[in-house]
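# An overview of the molecular structure
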Amino acid sequence: MKKSRLIDVALWILLSIGFFGAVSISYSNLSGNPCPYIWVVPICYVVLIAYGLMIASLVVPHIGCKHYFFIAGWGTAFLIALAGSLAEMLSGGGVCPTSGGGSIRGGNTGSIPMCYISLALTIGILLLFLIGPYRRVCDVYEQSNR
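Along each chain, residue indices are assigned from 1 in the same order as the chain's sequence is written. Local features in this predicted model are restricted to residues whose pLDDT is 70 or higher, and side-chain atom pairs enter the listing and the counts only when it is 80 or higher, whereas totals over whole chains, interfaces and linings include all residues. With hydrogens and water set aside, each side-chain value is computed from the structure's full complement of heavy atoms.

On to the state of the cysteines, then. The definition used for a disulfide is geometric: two cysteine sulfur atoms within 2.5 Å. Applying the stated criterion across every chain yields a total of 1 disulfide. The disulfide that involves C96 links it to C115, with 2.1 Å between the sulfurs. The sign of the 100° torsion about the S-S bond sets the C96-C115 disulfide as right-handed. Taken as a pair, C96 in the loop between α3 (63–91) and α4 (114–144) and C115 in helix α4 lie far apart in primary sequence, 19 residues in all. Only protein chains enter the accessibility calculation, which uses a 1.4 Å probe; a residue is then buried when its area is under 20% of its type maximum, exposed when over 50%, and partly exposed in between. What makes C96 buried here is its relative accessible area of 5%. Judged by its relative accessible area of 8%, C115 falls in the buried class. Helix and strand definitions here come from DSSP, where helices need a minimum of 4 consecutive H or I residues and strands a minimum of 2 consecutive E residues; each element is numbered from the N-terminal end.

Printed below as a string of structure tokens:
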């Protein structure tokens, strides 16, 4: 398998994990396990849209839109994950939903706050995007300007 194909597969896997994780937390929010709010909107819905934009950046055929979709989605998901992770660390816990299915007010012992997982995912996604799709678009652009 070519290196670029392997990078694309890894990128799709990380984006899928993030997207379906956000779907799961959003569904839990609808079922009564609240996630934190930004004004009146649950953050889990904003993160879901952010991961959706990153996925859209890979399927949209227009080269210019790819970068805008990716940056809008990635920047939103990263900033929320970073803010949530910092708040989780500084407050001693209870800020983010947890991997054990616990809500923000009583995570299961030994479970990982989802904001930590999202922060790690967004960093990995950025690295894969930069060495994969972004690099290929830059190469095409440089070729066309010669």
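What follows deals with unusual backbone geometry. One non-glycine residue, W39, lies in positive phi territory at about 55°. Turning to its location among the elements, W39 is positioned in the loop between β1 (37–38) and β2 (41–42).

Moving on, we come to helix α2 (residues 43–59). The length a helix should cover is 1.5 Å for every residue beyond the first. Counted at 1.5 Å a residue, the expected span for α2 with its 17 residues is 24 Å, and the 25 Å between its end C-alpha atoms agrees. Among the residues of α2, those classed as buried are I43, C44, V47, A50, Y51, M54, I55, A56, S57 and L58.

Classification of ring pairs uses Phe, Tyr and Trp, with its six-membered ring standing for Trp, and accepts pairs whose centres are within 6.5 Å; under 30 degrees between planes counts as stacked, over 60 as edge-to-face, and the remaining range as tilted. In total, this model carries 3 aromatic pairs according to the counting rule given. Seen in terms of ring centroids, F70 and F129 are 3.7 Å apart; in terms of plane orientation they differ by 5°. Their pairing is stacked. Pair noted here: F70 is in helix α3 and F129 is in helix α4, with a separation of 59 residues, a long-range link. Exposure class is identical for F70 and F129. Each is buried.

What follows is about the layout of surface pockets. Grid points spaced at 1 Å over the protein atoms alone were grouped into cavities, where a 1.4 Å probe fits but cannot get out, and pockets, open sets with protein on both sides within 12 Å along at least five of seven lines, with lining residues defined by an atom within 4 Å of a point. Grid points are joined across faces, edges and corners, and a volume is the space filled by probe spheres set on the points. For the largest pocket, the calculated volume is near 400 Å³. Forming the walls of the largest pocket are 25 residues, and the residues nearest its centre are V47, I80, M114, C115 and S118. Listing elements by their share of the lining of the largest pocket, those giving two or more residues are α1 (3–30), α2, α3 and α4. At 6 residues, the largest contribution of residues to the lining of the largest pocket is made by α3. Throughout, the ten residues Ala, Val, Leu, Ile, Met, Phe, Trp, Tyr, Cys and Pro are labelled nonpolar, Asp, Glu, Lys and Arg are labelled charged, and all others, Gly among them, are labelled polar. Looking at the lining of the largest pocket residue by residue, the class counts come to 21 nonpolar, 4 polar and no charged. The volume enclosed by the second largest pocket comes to roughly 200 Å³. Mapped onto the lining of the second largest pocket, the elements with two or more residues apiece are α1, α2, α3 and α4. Examining the composition of the lining of the second largest pocket, we find that 5 residues originate from one element, α4, more than from any other. Residue classes in the lining of the second largest pocket are distributed as 8 nonpolar, 2 polar and 4 charged.

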